[in-house]
Each structure stands twice: as C-alpha cells, then as structure tokens.
Amino acid sequence: MTGVELRQLRYFIAVAEELNFGRAAERLLIAGPSLSQQIKALERDLGVRLFDRDRRSVSLTPAGAALLPATRDLLERADELKRRAGRLSDSESVRLGYVNWLPPDLTARTAPVARLHVDAWVAPSHTQAARVADGSLDLAVCRVGAGDLERLGLRARLLGADRLYAVAKGTDSGDVAAGDMDVLIDDDLTSWASWNVYAERLAEDVGARAVRISDGAITGPAFFDHVRRCTRPVLNSPKGQGSPLPPDLVRREVVGPKVYWTWSLVWRADEDRAGVLGVVDALSEGVGDLGVHAPGAWLPADDPHALPGRPALGA
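None of these values were measured; they are calculated from a predicted model. (Residues numbered from 1 in each chain as written. Predicted model: local features only at pLDDT ≥ 70, side-chain atom pairs only at ≥ 80, totals over all residues. Heavy atoms only, no water.)

1. Some thoughts on the overall build of the protein chain
For step 1, the next point in the chain: Scanning the protein chain from terminus to terminus reveals ten helices and 14 strands.
For step 2, the next point in the chain: Dimensions along the principal axes, computed over C-alpha positions, put the protein chain at roughly 95 × 45 × 40 Å.
For step 3, the next point in the chain: Considering only residue pairs separated by 6 or more positions, the protein chain has 71% of its internal contacts joining residues 24 or more positions apart.
For step 4, the next point in the chain: Carbon and sulfur atoms make up 53% of the accessible area of the protein chain, which totals about 15,700 Å². (Helix = DSSP H or I, 4+ residues; strand = E, 2+ residues; numbered from the N terminus. Contact = heavy atoms within 4.5 Å. Areas by Shrake-Rupley, 256 points an atom, 1.4 Å probe, with all protein chains shown as cover.)

2. A few points about the nonpolar core
For step 1, the next point in the chain: Among the nonpolar cores identified, the biggest contains 56 residues, and Leu139, Met181, Trp195 and Val259 are the most heavily contacted of them.
For step 2, the next point in the chain: The residues contacting Met181, other than those within four sequence positions of it, are Ala166, Leu202, Ala208, Arg209, Arg232, Pro233, Leu235, Val254 and Val259.
For step 3, the next point in the chain: If you look at the next biggest cluster of nonpolar residues, it comprises 19 residues, including Ala24, Ala25, Leu50 and Leu75. (Core = buried A, V, L, I, M, F, W, Y, C linked by side-chain atoms within 4.5 Å. Buried < 20%, exposed > 50% of the residue type's maximum accessible area, 1.4 Å probe, protein only.)

3. Quick look at empty space enclosed by the protein
For step 1, the next point in the chain: For the coordinates displayed, the defined rule picks out one cavity of 30 Å³ or more.
For step 2, the next point in the chain: Put simply, the largest cavity is a space of about 110 Å³.
For step 3, the next point in the chain: Every residue lining the largest cavity is listed: Val99, Asn100, Pro124, Ser125, Ser191, Trp192, Ser194, Trp195, Pro238, Lys239, Trp261 and Trp263.
For step 4, the next point in the chain: Breaking the lining of the largest cavity down by element, the ones donating at least two residues are helix H8 (189-206) and strand E13 (258-268).
For step 5, the next point in the chain: Sort the elements by how many residues they give to the lining of the largest cavity and H8 lands first, with four residues.
For step 6, the next point in the chain: Residue classes in the lining of the largest cavity are distributed as seven nonpolar, four polar and one charged. (1 Å grid on protein atoms, 1.4 Å probe; cavity = no way out; pocket = protein on both sides within 12 Å on 5 of 7 lines; lining within 4 Å. Points joined across faces, edges and corners; volume = space filled by probe spheres on them. Nonpolar A, V, L, I, M, F, W, Y, C, P; charged D, E, K, R; others polar.)

4. Considering helix H2 (residues 21-28)
For step 1, the next point in the chain: All of the buried residues along H2 are Phe21, Ala24 and Ala25. Seen from one end, H2 has its buried residues packed into an arc of 100°, which puts them on one side.
For step 2, the next point in the chain: On the buried face of H2, the contacting elements are helix H1 (6-18), helix H3 (32-46), strand E1 (51-53) and strand E2 (58-60).
For step 3, the next point in the chain: A side-chain oxygen of the first residue of H2 lies 2.9 Å from the backbone nitrogen of Gly22; this N-cap is Asn20. (Arc of directions from axis to C-beta. Polar contact = N/O pair within 3.5 Å; in protein donor to acceptor, adjacent residues only side chain to side chain.)

5. Examining the pattern of salt bridges
For step 1, the next point in the chain: Inspection of every chain in the model, using the stated rule, returns 26 salt bridges.
For step 2, the next point in the chain: Note that Arg23 and Glu18 form a salt bridge whose closest N and O atoms lie 3.5 Å from each other.
For step 3, the next point in the chain: Overall, Arg23 belongs to the partly exposed group, its relative accessible area being 43%.
For step 4, the next point in the chain: Overall, the relative accessible area of 23% leaves Glu18 in the partly exposed class.
For step 5, the next point in the chain: Between Asp182 and Arg209 there is a salt bridge whose closest N-O contact spans 2.9 Å. Of this pair, Asp182 sits in strand E9 (residues 182-186) while Arg209 sits in strand E10 (residues 209-213); the two residues are 27 residues apart in sequence, bridging distant segments of the chain.
For step 6, the next point in the chain: Accessibility expressed as a relative area gives 37% for Arg209, which makes it partly exposed.
For step 7, the next point in the chain: Put simply, Glu17, Glu18, Arg23, Arg27 and Arg72 are held in one network by salt bridges that share partners. (Salt bridge = Lys/Arg side-chain N within 4 Å of Asp/Glu carboxyl O.)

6. A look at the pairing of E9
For step 1, the next point in the chain: Burial of E9 is extensive: five of the five residues sit out of reach of the surface.
For step 2, the next point in the chain: Here E9 shows no split at all, with Asp182, Leu184 and Asp186 on one side and Val183 and Ile185 on the other all buried.
For step 3, the next point in the chain: Where E9 and E10 come together, five bridges link them in parallel fashion. Residue pairing across strands places Val183 opposite Ala210, the latter belonging to E10. (Pairing = 2+ DSSP bridges.)

Here it is in structure tokens:
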C-alpha cells in the first residue's frame, strides 16, 4: 500500500457515490480516462477489485463496499489533521511559566491544541501568578491560595501534588508525626513568600515548630546543614523533593496528617483565547484529586483545591 495516495481515496469515494465514472470525473474536475487510470492504480496497490464495471453500469464489489466506510473515516481524520495543523500555524504561542515542576507529558498533551512556549524564567509561585495576571504569561504552574486567585483575577485547576516528607539525621527512617517536626521559614520574602505562607499555616494547624532562618536555605546543601543543627526532623520543600540525601541523613514520611503541596495551573478569569483554554483543558483532563482529598491528608484552608468545610487536619 506504499503507493496509495489520499487523492486516490477521494476518487474512490466519488465513483462509489456517483456509480458513474463520467459524473465522478466532472465532480472531481478531472478527465474521465485519468480517473479510470487512478482507480485501476488504486485497485492494484490495494490488491482488490473495487468496482464491477461495463459499458452501461458501475457497481461496488463486496470488497469495495467493505472498504468504503473505512476510507471515509480515514479521509475525515486526514481532513481534521489538516484543519488542526492550520489552526496551530495561524495561532499565537501560548506562554507557560513554572516554578520547578511541570507535567512529564506536557508536550504530548498540548501539541494538538496550541503552540506552547515554556518561559525560561523560572520564578517563585507568587511571581509567576502575578505575571499571568499582568499578561506577561498566559498560564503558570504554581502554588496559589484562594485569596491570590480573587485578588489577581485568576482561575485555577489542580495539575499536580507533592506529598512532602521530612529529612532527619540519624538512622531512624520511620514515620514522623507532623506535629513532631520543624518547618523552616525564611526572611527572604522575594524568593519564599508562597512557601512561608504555607509553612506558617502548617505549623499553626498541625503543631509543627516554625524555625526562622535568614540564609535562603529552604532547599539545597545549606538546608541539610539546618537539618543537622535541628533536634527534630525538618519538612522538605517541594523544590527539594527530588534531591538526593547525604549519607548521614534519612527520609521520613510525615503522617497524622499527610502533608500535601498542590501545583495549580492558573490563567486569567477573563481569558477567551481558544489556544489558552485548550491547553487548560488538555493539561487538566483526567487529573483527579491526586490524593489530596483522601482521609488523613492536609492542605491549607486557603488552598483552592481543599474540600469546603474539611477539618484542618484532614481527618
């Protein structure tokens, strides 16, 4: 079938619908002999006879009748592919910003609906949300509170969730109660405003101890130094979730409650461009609740994905 062309399939459908080569040729705006030759070439490439024809009549063979629905479907899909490609070539790029996490299947999900440009400026959540609000970005993957959405005129859908764990010195890798850990809060509001709001709410809700720092060491090697100085396990931030631990430190799962950080896809509430809204739908389709609504899960009360009326500890 390497020689089969979409053009020949269109010829097949025209003859099948007209059951007359002369009328089909007029409809296709080609010469009758050329149409006949193309149908013969198609039959040769397919290895089946599509029509029974003599001087007075044309009829579909059983093979031709069987192949006709599939041929129509194939051409419809080819036409849709062409229309979609045309929309992409004519559309503006959709600009997406992020903090440190993006869906692993980002390109596969968005390619059919828009030309996505991932912004190179990796910035904190509050900065990325503000950039969407002022039009510097069309979308962002970040952590936002319900108050942020209202204040900035944004909407959000749940896109990802990290279950945060604690890091501790020693060899005990057993679970740790959320109230028995430390949470670092940094004086640098430029970089850590969103984390600080989250950490302070967590400390209030679960009884964790807030530890004030001023060296920006919420993550990275300096974070591990803080863990070594603290007497209790220290909550790891979303930026440190994938970082390998030094050999003298261990990972400990946080329970009672399980602590979650959500990643929202945010866009302007008055957004009406099809490309942007198409990306929103493509990325959020089938995401589910990612465990954040399960019994024993904790989200801050201002998280836009928290269940209304849910107790603070998620019990």
